[in-house]
Amino acid sequence: MLYIEFNQFILGVLKTKLADKGLAEADFANVVLESPKDETHGDLSTNAAMVLAKKVGMAPRALAEMLVEEFKAYPAVDSVEIAGPGFINFRLKTSALIGQGIEAVKQGAAYGKLHAPDARKAMVEYVSINPTGPIHIGHGRNAVFGDAIANLLEKAGRTVWREYLVNDAGGQIRVLVKSLHARYLQLFGQDVNVPENGYPGEYLIDIAQMLKDRDGDKWVNMTEEETLLHELRAFAVEACLDLIKTDIKTLHIEFDRYFSEHEMHQTSRMKDVVKLLRDKGLVYEGTLPPPKGKEVADYKPVELTLFKATEFGLPEDQAIFNRAGIPTYFGQDIAYHYDKLQRGYELLVTVIGIDQAGSFTPLSKAIEALTGRKDVYHPVPYEMVKVLRDGQPVKLSKRAGNIVLLSDVLEEVGSDAFRFTMLTVKPTTSLTFDLALAVAKTMENPVFYVQYAHARLCAVERQRAELGIAPVCLDSLDPETKDISSGARAVLREVMLYPALIEQASRALEPHRLTFYAQNLASKVHSWYGAEKWLDAANVQATHHRLAVALAARSVLADVLNLCGVNAPESM
RNA sequence: GCGCCCGUAGCUCAGCGGAUGAGAGCAACAGCCUUCUAAGCUGUCGGUCGCAGGUUCGAUCCCUGCCGGGCGCACCA
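As a convention, each chain's residues are numbered from 1 in the sequence order in which they are written. The order in which chains are written sets their letters, starting at A; the order in which ligands are written sets their numbers, starting at 1. The predicted origin of the model limits local features to residues at a pLDDT of at least 70 and limits the giving and counting of side-chain atom pairs to 80 or more, whereas totals for whole chains, interfaces and linings rest on all residues. With hydrogens and water stripped out, all remaining heavy atoms of the structure feed into the side-chain values.

Draft legend 1. Local environment of the overall build of chain A. The helix count covers DSSP runs of H or I at least four residues long, the strand count covers runs of E at least two residues long, and both are numbered beginning at the N terminus. For chain A, the helix and strand inventory stands at 18 helices and 15 strands. Each of the 572 residues in chain A was classed as buried or not, and the buried ones make up 51%. For the accessible areas, the method is Shrake-Rupley and the probe is 1.4 Å, while residue cover comes only from the protein chains on display. Total accessible area on chain A stands at roughly 26,100 Å², and carbon and sulfur atoms take up 50% of it. When charges are counted, Lys and Arg are positive and Asp and Glu negative, with His and the chain ends excluded. Just so you know, the charge point we use is NZ for Lys, CZ for Arg, CG for Asp and CD for Glu. The average position of the 63 basic charges and that of the 74 acidic charges among the side chains of chain A differ by 4 Å. The classification of residues rests on relative accessible area computed with a 1.4 Å probe and restricted to protein chains. Under 20% of the type maximum is buried, over 50% is exposed, and intermediate values are partly exposed.

Draft legend 2. Representation of the nonpolar core in the model. By convention a nonpolar core is built from buried Ala, Val, Leu, Ile, Met, Phe, Trp, Tyr and Cys residues, the set being connected through side-chain atoms within 4.5 Å. By size, the foremost hydrophobic cluster in this structure holds 149 residues, and its most contacted members are Leu14, Phe90 and Phe418. With 13 residues, the single largest contributor to this core is helix H18 (residues 540-564). Only heavy atoms matter for contacts: two residues are in contact if any of them lie within 4.5 Å across the pair. Leave out the neighbours within four places in its chain, and Phe418 touches Ile137, Gly140, Arg141, Val144, Leu251, Leu406, Val409, Leu410, Val413 and Phe433. Formed by 32 residues, the second largest nonpolar core is a distinct cluster that contains Met264, Met270, Phe321 and Tyr336.

Draft legend 3. Main features of the pattern of salt bridges. Criterion for a salt bridge: a side-chain nitrogen of Lys or Arg within 4 Å of a carboxyl oxygen of Asp or Glu. Per the stated rule, a full pass over the model turns up 27 salt bridges. For Glu570, the salt bridge goes to Arg554, with nearest N and O atoms at 3.9 Å. Placement of Glu570 in the segment after H18 and of Arg554 in helix H18 is noted, with a sequence separation of 16 residues between them. For Glu570, a relative accessible area of 48% gives the class partly exposed.

Draft legend 4. Here's a closer look at the side chain of His545. Here His545 lies in helix H18. Discounting residues that sit within four places of it in the chain, His545 has contacts with Leu477, Asp478, Thr481, Asp483 and Ile484.

Draft legend 5. Spatial organisation of the sheet that holds strand E5 (residues 122-125). Here the rule is simple: two strands pair whenever DSSP picks up at least two bridges between them. The sheet built from 5 strands is open, its strands ordered E7-E6-E5-E11-E12 with parallel pairing. The open sheet terminates on both sides in strands that have one partner only, identified here as strand E7 (257-260) and strand E12 (377-382). Averaged over all pairs of adjacent strands, the angle between their axes in this sheet comes to 25°, without regard to strand direction. Bridge count for strand E11 (residues 347-353) against E12 is 6 bridges, and the pairing is parallel. Within E12, the residue paired with Val349 across the bridge is His378. A fitted line through C-alpha atoms serves as each axis, taken over the contacting stretch for helices, and the angle formed by two N-to-C directions is quoted from 0 to 180°. Along the sheet, helix H12 (residues 357-371) contacts E11 and E12; its crossing angle with E12, the most-contacted strand, is approximately 170°.

Draft legend 6. Here's a closer look at the protein's contact with RNA strand B. The near set for a molecule or strand comprises every residue that places at least one heavy atom within 4 Å of it. Every one of the 65 residues lining RNA strand B counts as a neighbour, but Asn30, Asn130, Tyr299, Tyr452 and Arg456 are closest to it. The contact atoms of RNA strand B, taken as those within 4 Å of the protein, divide so that sugar and phosphate hold 57%. In protein, a polar contact means a hydrogen-donor-capable atom and an acceptor-capable atom, both N or O and within 3.5 Å, with residues adjacent in sequence counting only if both atoms are side-chain atoms; elsewhere, any N or O pair within 3.5 Å suffices. The contact in question runs from a sugar or linking oxygen of RNA strand B to an N or O atom on the side chain of Gln172, over 2.7 Å. Taking Thr428, its main chain carries an N or O atom lying 2.7 Å from a sugar or linking oxygen of RNA strand B. Of all elements in the fold, only strand E4 (87-92), helix H6 (171-187), strand E15 (431-434), helix H15 (446-466), helix H16 (486-508) and helix H17 (512-531) reach the threshold of two or more residues within the surface near RNA strand B. Counted by class, the surface near RNA strand B contains 26 nonpolar, 22 polar and 17 charged residues. Lys, Arg, Asp and Glu make up the charged group, whereas Ala, Val, Leu, Ile, Met, Phe, Trp, Tyr, Cys and Pro make up the nonpolar group; the residues left over, Gly among them, are polar.

Draft legend 7. Structural detail: H12. The span you would expect from a helix comes to 1.5 Å times its residue count less one. Relative to the 21 Å expected for 15 residues at 1.5 Å per residue, H12 spans 21 Å between its end C-alpha atoms, a close match to the ideal helical length. All buried positions along H12 are accounted for by Ser359, Phe360, Pro362, Leu363, Ala366, Ile367, Glu368, Ala369 and Leu370. Residues of H12 that are buried make contact with helix H10 (269-279), strand E9 (304-307), strand E10 (318-319), helix H11 (329-342), E11 and E12. At the exit of H12 stands Gly372, carrying a positive phi of roughly 75°.

Draft legend 8. Region of interest: the sheet that holds E9. Pairing is antiparallel across the open sheet formed by 3 strands, whose spatial order is E8-E9-E10. The strands lining the two open edges of the sheet, one partner per strand, are strand E8 (283-286) and E10. Pairing of E9 with E10, which is carried by 2 bridges, proceeds in the antiparallel orientation. Across the sheet, Phe307 pairs through a bridge with Gln318, a residue of E10.

Draft legend 9. Local environment of the packing of H16 against H18. Taken N-terminus to C-terminus, the directions of H16 and H18 make an angle of 35°; their axes are 10 Å apart at the nearest point. The hand of the H16/H18 crossing is left-handed. When H16 is examined against H18, the residues Ala488, Val491, Leu492, Val495, Tyr498, Leu501 and Ile502 are found in contact with a partner set consisting of Val549, Ala552, Ala553, Val556, Asp559, Val560 and Leu563. Here the residues of the contact of H16 with H18 are counted per class, giving 13 nonpolar, no polar and 1 charged. Handedness of each helix crossing follows the sense of rotation of the near helix against the far helix: counterclockwise by less than a right angle gives left-handed, clockwise gives right-handed.

Draft legend 10. Local environment of the packing of aromatic side chains. To pair, rings of Phe, Tyr and Trp, with the six-membered ring standing in for Trp, must have centres within 6.5 Å; the planes then decide the type, stacked if under 30 degrees apart, edge-to-face if over 60, and tilted in the middle. Under the counting rule described, the total for this entry stands at 18 aromatic pairs. Centre to centre, the rings of Tyr164 and Tyr258 are 5.1 Å apart; their planes meet at 40°, and the pair counts as tilted. Of the two residues, Tyr164 is situated in strand E6 (residues 160-166) and Tyr258 in strand E7; the sequence distance between them amounts to 94 residues. On the basis of relative accessibility, which here comes to 0%, the residue Tyr164 falls in the buried class. Note on Tyr258: relative accessible area 25%, which makes it partly exposed. Grouping aromatic residues by their ring pairs yields a cluster made of Phe6, Phe9, Phe71, Tyr74 and Phe90. Counting as a charge over the ring demands two things of the Lys NZ or Arg CZ atom: a distance within 6 Å of the ring centre and an angle within 35 degrees of the ring normal. Above the face of the Tyr258 ring, Lys245 is positioned so that its terminal group lies 4.3 Å from the ring centre. The aromatic ring of Tyr284 is capped on one face by Lys308, whose charged end is 5.9 Å from the ring centroid.

Draft legend 11. Seen up close, the pairing of strand E3 (residues 77-83). Pairing analysis gives 6 bridges linking E3 to E4, with the strands arranged antiparallel. Across the sheet, Ala83 pairs through a bridge with Phe87, a residue of E4. Where E3 hands over to E4, the hairpin turn is made up of 3 residues, of which Gly84 adopts a positive phi near 55°.

Draft legend 12. Structural detail: the domain arrangement of chain A. Domain boundaries in chain A define domain 1 (2-92), domain 2 (122-166 + 256-382), domain 3 (171-250) and domain 4 (442-564). Boundaries between domains were set according to an automatic or database domain assignment. On a C-alpha basis, the centroid separation for the pair domain 2 and domain 4 is 43 Å. The partner domain 4 presents 12 residues to the 11 residues of domain 2 that form the contact. Each partner contributes to the roughly 970 Å² buried at the junction of domain 2 and domain 4, and carbon and sulfur atoms together form 80% of this total. Summed over the shared surface of domain 2 and domain 4, the number is 1 salt bridge. For the pair domain 2 and domain 4, the number of links is 2 residue pairs in polar contact (both at pLDDT 80 or more). Top contributing element to the side of domain 2 that touches domain 4 by residue count: helix H5 (residues 137-155), with 7 residues. Accessible area, probed at 1.4 Å, shrinks when two parts are joined; the buried area is that loss added up over both.

Next up, the structure:
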């Protein structure tokens, strides 16, 4: 792939030419080869001279001058210019771009696939919502991002494992069972309310009915909470998880594993990790000060097992076990992540709500302590989704029972529109989802713009056959052809940049760049489509050159949509 | 009080660990279908990048302090 090879060539030149300047590997880390914002500045541009000038002890432009001749020697380079404060701008030969187009068509889905810079196995953990009810729209954002990140990492050449943590061991399950039991009793005509802090959602009525169908009145006279918990836990969790899995499936997401917290606690992970941290002097028995900013009437200092988060500059230490000796959420988390490490994963990505920032920060420190590395744990925080219904904000609360269900939204706008829309905004921007607008705006949703481009490219191929024009033979194309218009060249330029997108987006774990690239490429396609007629039975050779470009665009467009988890339709 | 996120065109948002005259989509306005899908194309309009300092040859981007919005803050999840 041209971009990758050229990038390596540039780094090679830099290292050779500046070998005696005492530069370290790290100095080259900031050197980037990118497409200039302004296309009149060429096809690619590097900041190398500016980034390295200071270390080398030369003025940026002078350093650039020194390097230009070497760069000119690269076969695909047509011309090199030094611009502004010291940018080195490259214009590539159109024949080289055509070569990239041909490569893209030939390689298909393999085009843009990279070899990971290091072989560490990656695990992406996402969704992971508690199995206490259906998914709401905010979790949908998590699901879409996690899945796209996993796709991206795979495309970048990593081995990726997708996992959902089923938190079936905490106190919320106890509450769930109590709520379910109340609904169950209601089915038998008893005047019982769902507990104050329980789950009032109507889905539990259906689940209670399933329980009644299965067990009849077996639990009507059972009041022993522990027995109910023991007997109904698995049933309740499974039923709720089924609701979640249905939505996950609608989004075309598949996990490699639903990891059960409950099962993990049958192993010694918890004990082991605490011992490890204790041996490092990071775990001790102590008390926590009263919480700030929030009145707690019944605060009493109690001796707990604590993780020394303050050692890492955090304001408070973190409890690993509560006063009853049961692992806290944080405690479970370090055990779970220790488990991931034990399974051989060394790149741990977790898509997690920003409201849990307080929990993933100490966790990152614990993982740092366990591995001695800072680049193992990568939380991807995302802002909550705010929902407008009839112009009014909807308070998202599972407890209040007025959540906006993902399944409802998907029914209204479809998986493609939902996934693409979620990926058009970076995760740390809070997103307002206007339900009325989502339906009404369907036609102006950018996903249709991109899909339409793909459909057009397919339509042209069908038209070709109808006109009796022979299919394109890639090996007989002439790279030096003059049949490539500026519109077609612009498309090829995007195709050439696709590997750069994969490289950069995967490194930054930023899948929203995929949708921006897709819109950009689609825009170039539509623009070219309007500017020039592609099919011309009287000039088959020129037609073939144009069709080759169209095929390349189609292949890349399909691939980038695939990474987003969005369909690439052949017709619309 | 502390912590995390955000504040860029009327609206929704990009701007990839600093740099070549601030971008896209939508909305508004003006054009383009006897010719490959007009769910499209072409053009116009539109921003003192929340405010104030600082670092630099240069800041939307980095640092500090404000202002505004969202979220979180024991042994809840």
